[in-house]
Amino acid sequence: MVTNITNLGRSGLSDWLIQRVSAVILALYTVFIVAYLLFNPGLDYVTWSNLFAQTWMRIFSLLAFISLAAHAWVGLWTVTTDYLKSTPVRLAAQVVIILAVFVFLVWGITVLWGA
Amino acid sequence: MLQVSIYRYNPETDSAPYMQEYQLDTQGRDLMVLNVLEMLKAEDTTLAFRRSCREGVCGSDGMNMNGKNGLACITSLSDVVKDNKLVLRPLPGLPVVRDLVVDMGLFYKQYERIQPYLQNDTPAPAIERLQSPEDRDKLDGLYECILCACCSTSCPSFWWNPDKFVGPAGLLQSYRFLADSRDTATRERLAELEDPFSVFRCRGIMNCVAVCPKGLNPTRAIGRIRDMLLANAT
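Residues numbered from 1 in each chain as written. Chains lettered and ligands numbered in written order. Predicted model: local features only at pLDDT ≥ 70, side-chain atom pairs only at ≥ 80, totals over all residues.

Chain B is annotated in an unreviewed UniProt entry as Succinate dehydrogenase iron-sulfur subunit from Billgrantia kenyensis. UniProt, in the comment section headed Function (unreviewed entry), describes chain B in these words: "Two distinct, membrane-bound, FAD-containing enzymes are responsible for the catalysis of fumarate and succinate interconversion; the fumarate reductase is used in anaerobic growth, and the succinate dehydrogenase is used in aerobic growth." What UniProt records for chain B under Catalytic activity (unreviewed entry) is the sentence "a quinone + succinate = fumarate + a quinol". (UniProt positions renumbered as here; feature names shortened; annotations may be inferred.)

For chain A, an unreviewed UniProt entry supplies the name Succinate dehydrogenase hydrophobic membrane anchor subunit and the organism Billgrantia kenyensis. Annotation of chain A in UniProt includes, under Pathway (unreviewed entry), the sentence "Carbohydrate metabolism; tricarboxylic acid cycle." Quoted verbatim from the Subcellular location (unreviewed entry) field of the UniProt record, the comment on chain A reads "Cell inner membrane".

With that out of the way, let us pick up the nonpolar core. Residue and element names in this part refer to chain B. If you look at the biggest cluster of nonpolar residues, it comprises 55 residues, and the most contacted ones within it are A72, L171, L172, V199 and I225. Counting residues per element, this core draws most heavily on helix α6 (residues 167-178), at six residues. Mapping this core onto the domain boundaries places at least three of its residues in each of domain 1 (2-102) and domain 2 (105-233). Leaving out residues up to four positions away in the same chain, L172 has contacts with L142, C145, L216, P218 and A221. (Core = buried A, V, L, I, M, F, W, Y, C linked by C-beta atoms within 7 Å. Buried ≥ 20, exposed ≤ 12 C-beta atoms within 10 Å, placed from the backbone. Helix = DSSP H or I, 4+ residues; strand = E, 2+ residues; numbered from the N terminus. Domains from an automatic or database assignment. Contact = placed C-beta atoms within 7 Å.)

Right, let's get into the UniProt feature "transmembrane region" (unreviewed entry) in chain A. Residue and element names in this part refer to chain A. As annotated in UniProt, the feature "transmembrane region" (unreviewed entry) corresponds to residues 21-39, 59-79 and 91-113 in the numbering used here. For residues 59-79, the helix share is 100%, the strand share is 0%, and the end-to-end C-alpha distance is 30 Å. Taken end to end, residues 91-113 has its terminal C-alpha atoms 33 Å apart, with 100% of it in helix and 0% in strand.

What follows is about the UniProt feature "binding site: a ubiquinone" (unreviewed entry) in chain A. In the numbering used here, UniProt assigns the feature "binding site: a ubiquinone" (unreviewed entry) to Y83(A). Relative to the helices and strands, Y83(A) resides in helix α3 (residues 55-83).

The following block contains the structure:
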């Protein structure tokens, strides 16, 4: 048993499951957005705004944002533990990544629910 | 003439490793790589490598031949030589003791960690613990491992974290005991493996499967361990 405290789920099993479930959600969201853009060629602001005003789209988008945050945390945490061998450098990188993930998540929510 | 390029390093005399070039007349025979090494050692007695059974059973002569890990004794020249050139290096990722001889300490430490022995807390029967033929079949493809380290030393996850990631060889053996109907320590074994490194550092690139000289499939065993962990925790 190897102890870890900066990974998302505190266990490799939960990180692994989060990584896979979030990947599926992100894939669905990406396919939906690309398809929407393809099927609405002359897209204007009102249509785009109306799409994101609907409750189901807000839930779907928030789910995708949270999935992206979790996916990035798990994935980049793994990268830092593979390649950054100096503990101060690795820990600093992990803190920066986790803070950035948090900032982007809150920012995304503000965009979604802002005026 | 076969061109052979061999990784040389003697820490007592060399400041850095270097590649030494040899030429060998194979007289057109399709020799095993180990035969080539022994013929070269007859000329240059300073050349160091491990070997024992010379028939792919002991697992001593694992090395990197033209970029791919394998056992020198059962790898023929026609399998690996390209453009009449053979490049021999020690197994990647482990400290070099001398020339093609590596320090397997970390590899064995990970093997020891998975407790590679049967654990059973029920009273021992008078003669032996029996197993149905079906349960015995579950061990096929697992028990045959000879611990040559070809798989673990071809795995980037093991290169970066040999102290934390058990590696394909250790995990294949771990599953060998998880799958054994006579072993009762399944829960304790799984509890030791659920952290982010021991099992989950495997990214499924299957280098281990590509190099295993015994044709075993550690990636499949690792997938089964993940399934057991998931079944246990959900």
